[in-house]
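Here is what each chain is made of, one letter per residue.
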Amino acid sequence: VASRLKGCLREGDTLARLGGDEFVALLLNPSDVEQQYFALLNAVAHPIRIDGITLFMTASLGACSYPQAVAVDADQLVRQADQAMYHAKQAGRNRFQIFDEVFDHDLRVHNENLERIRKGLTDDEFELYYQPKVNMATGAILGIEALARWNHPERGLLPPSAFLPDIQGSVLEVSFGEWVIDQALADYERLRLNDMALTISINISARHLEKTDFVEYIRSRLGDCSGHQTCPLELEILETTTLDNLDRVSDIIRDCAKFGVRCSLDDFGTGYCSLTYLRKLPVETLKIDQSFVCGITEHPNDVILLKGILDLARSIDRKVIAEGVETLEHGRILLEIGCIQGQGSAIARPMSFKALLEWMKTWHPDPSWENRSAYS
Ligand code: C2E
Ligand code: MG
Ligand code: MG
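Because the structure is predicted, anything quoted here is derived from the model rather than measured. (Residues numbered from 1 in each chain as written. Chains lettered and ligands numbered in written order. Predicted model: local features only at pLDDT ≥ 70, side-chain atom pairs only at ≥ 80, totals over all residues. Heavy atoms only, no water.)

Caption draft 1: Summary view of the side chain of Ser352. Looking at the secondary structure, you find Ser352 in the loop between strand E15 (341-342) and helix H15 (353-362). By relative accessible area, which is 18% here, Ser352 ends up buried. Each residue touching Ser352, except ones within four places of it in the same chain, is listed here: Glu127 and Tyr129. (Helix = DSSP H or I, 4+ residues; strand = E, 2+ residues; numbered from the N terminus. Buried < 20%, exposed > 50% of the residue type's maximum accessible area, 1.4 Å probe, protein only. Contact = heavy atoms within 4.5 Å.)

Caption draft 2: Structural context of the site of ligand 1. If you check the shell around ligand 1, you find 21 residues, and the closest are Arg149, Asn203, Asp266, Glu326 and Ser345. One of the side-chain N or O atoms of Asn203 is found 2.9 Å from an oxygen atom in ligand 1. A distance of 3.0 Å is found between a nitrogen atom of ligand 1 and a side-chain nitrogen or oxygen belonging to Gln290. Here ligand 1 loses 79% of its free accessible area of 790 Å² to cover by the protein chains. Broken down by secondary-structure element, the contributors of at least two residues to the shell around ligand 1 are strand E8 (141-152) and strand E12 (262-268). Considering each element in turn, the shell around ligand 1 owes the most residues, four residues, to E8. Of the residues assigned to the shell around ligand 1, the class counts are seven nonpolar, seven polar and seven charged. (Near = heavy atom within 4 Å. Polar contact = N/O pair within 3.5 Å; in protein donor to acceptor, adjacent residues only side chain to side chain. Areas by Shrake-Rupley, 256 points an atom, 1.4 Å probe, with all protein chains shown as cover. Nonpolar A, V, L, I, M, F, W, Y, C, P; charged D, E, K, R; others polar.)

Caption draft 3: Seen up close, the packing of helix H6 (residues 173-193) against H15. Relative orientation of the contacting elements H6 and H15 amounts to 35°, with a least axis distance of 12 Å. In this structure, H6 meets H15 at a crossing whose hand is right-handed. On the side of H6, the interface is formed by Asp187, Arg190 and Leu191, while H15 contributes Phe353, Leu356, Leu357 and Met360. Of the residues belonging to the contact of H6 with H15, the class tally is five nonpolar, no polar and two charged. (Axes fitted to C-alpha atoms, helices over the stretch in contact; angles between N-to-C directions. Left-handed = near helix turned anticlockwise from the far one by under 90°.)

Caption draft 4: Looking closely at helix H8 (residues 214-222). Here H8 has its buried residues at Phe214, Val215, Tyr217, Ile218 and Leu222. For H8, the arc enclosing every buried residue in end-on projection is 160°, short of the 170-degree limit, so these residues lie on one face. The inward-facing, buried residues of H8 abut H6, strand E10 (200-204), helix H7 (206-209), strand E11 (233-238) and helix H10 (246-258). Looking one or two residues past H8, Gly223 carries a phi angle of roughly 75°, positive in sign. (Arc of directions from axis to C-beta.)

Caption draft 5: Structural context of the environment of Lys319. Positionally, Lys319 belongs in strand E14 (residues 319-322). Spatially, the C-alpha atoms of Lys319 and Leu286 are 6.2 Å apart, while their sequence positions differ by 33 residues. If near-sequence neighbours (up to four positions away) are discounted, Lys319 is found in contact with Glu284, Thr285, Leu286 and Gln341.

Caption draft 6: Molecular detail of the pairing of E12. Burial of E12 is extensive: five of the seven residues sit out of reach of the surface. The sheet contact formed by E12 and strand E13 (residues 285-288) spans three bridges and is parallel. The partner of Ser264 across the bridge, within E13, is Thr285. Read from E12 through helix H11 (residues 275-280) to E13, the crossover connection turns out right-handed. (Pairing = 2+ DSSP bridges. Right-handed = clockwise from strand over helix to strand, strands pointing away.)

Caption draft 7: Main features of the pattern of salt bridges. Tallied over the entire structure, the rule returns 22 salt bridges. The residue Arg108 makes a salt bridge to Asp104 at a minimum N-O spacing of 2.8 Å. You can see Arg108 and its partner Asp104 sitting in helix H4 (residues 101-122), four residues apart, about one turn around the helix. Overall, Arg108 belongs to the partly exposed group, its relative accessible area being 41%. (Salt bridge = Lys/Arg side-chain N within 4 Å of Asp/Glu carboxyl O.)

Caption draft 8: Summary view of the coordination of the magnesium ion (ligand 2). Note on the magnesium ion (ligand 2): its protein donors are Glu145 (OE), Asn203 (OD1), Glu236 (OE) and Asp266 (OD). The metal-donor distances range over 2.0 to 2.2 Å. Between the donor residues of the magnesium ion (ligand 2), the gaps in sequence give the motif E-x57-N-x32-E-x29-D. A distance of 4.2 Å spans the gap from the magnesium ion (ligand 2) to the magnesium ion (ligand 3), which Asp266 bridges by coordinating each metal. Taken together, the positions of Glu236 in strand E11 and Asp266 in strand E12 put the pair 30 residues apart, joining distant regions of the chain. Comparing Glu236 with Asp266 shows no difference in burial state: the two are buried. (Donors = N, O, S within 2.8 Å, 3.2 Å for Na, K, Ca; no water.)

Caption draft 9: Geometry of the coordination of the magnesium ion (ligand 3). At the metal site, the magnesium ion (ligand 3) is ligated by Asp266 (OD), Asp267 (OD), Glu323 (OE) and Glu323 (OE), and these contacts range over 2.0 to 2.6 Å. If you list the donors of the magnesium ion (ligand 3) from N- to C-terminus, the spacing comes out as D-D-x55-E.

Okay, here's the thing in structure tokens:
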């Protein structure tokens with residue numbers, strides 16, 4: 001086999017037998033290197049006759065290139081080629097696989113990030129911020145949404161976009177979701193003790209929601225609050241989450257409703273939810289995505305679109321709340337077209353629990369929002 005492999009080399013190339021059935025080839029000419037891979041594989045796959053017996057063998061070839069975007073040493077190159085060879089074996093043998101440095105780099109960064117997040121959770125570096133949802137006509141506070149933040153000791157206060165992408169789809173997804181639930185419940189208890197009991201909306205990730213014991217977990221943490229005035233928790237489910245698994249998600253929402261936990265459909269309008277789907281989905285509230293709100297002060301067509309969404313919601317008997325109420329003008333227009341519930345920086349930005357308590361003492365809607373709504 002070694003002499004056959006040697007026959008596939010060009011001038012300057014090197015072949016080494018590292019041990020057992022493993023060879024390493026250093027190929028200098030990158031222009032038609034794939035031809036050489038095929039030649040090496042064919043050289044092995046060609047039957048071998050020994051003492052009247054015909055032996056059939058195949059090889060699996062892993063390859064990497066040099067130089068790379070980051071500095072690599074010889075040991076790393078061998079490791080990369082080894083990893084690619086392993087993939088070639090998994091893919092069915094008698095083939096070559098090229099090491100993907102971008103994928104490998106991303107994977108390493110992802111694993112490091114996850115490890116750091118895990119440590120952050122243990123070290124209490126995460127915190128829930130809260131953003132109020134209000135009736136813009138009367139000023140009544142309807143609830144608060146929990147939004148995760150990371151008080152990173154070196155990088156400062158980080159928004160979800162800095163850590164959720166690593167968490168989602170990882171082993172930490174469910175434990176992070178459970179941390180959010182526990183923290184929200186602890187904060188709810190503190191609110192209750194201050195006579196300010198308000199339902200806390202939490203954002204539930206797809207995987208967590210669809211975990212087999214999710215409903216049981218929520219029930220065990222909450223008990224039955226169907227008879228209570230305020231249930232501690234409400235769930236926000238992304239429209240995109242429901243699309244893949246309508247029946248299952250609908251069952252979960254219905255089961256939660258039995259013990260008083262309500263659900264709203266988050267980022268509504270961004271997930272191509274069909275009307276048939278929407279009618280079947282037993283959510284109580286549609287949260288209109290901020291992208292439908294931000295343009296209403298400048299583009300009359302956006303107001304028409306928003307009115308259409310409101311009519312649609314009314315016709316299927318769903319409540320509506322607008323996200324991204326950034327300016328007083330946004331609030332005024334929303335009230336005029338009958339969207340009473342709002343959330344956004346014109347009302348309050350997401351804030352720490354302590355800041356929320358202060359905010360609640362002084363909040364009142366802007367005078368320009370008074371008498372704006374024909375629907376309040
Ligand atoms: P979301 O649930 O749609 O939350 C609303 C987002 O809009 C929040 O971003 C909020 O800070 C931001 N926002 C509030 N008011 C305004 C406004 O007036 N204008 C604009 N442009 N934005 C406003 P944030 O906190 O960065 O969260 C982003 C997303 O991350 C959330 O979107 C939610 O999907 C997800 N998320 C946050 N916390 C959690 C969590 O604990 N668990 C899970 N699974 N997802 C979370
Ligand atoms: Mg949300
Ligand atoms: Mg949203």
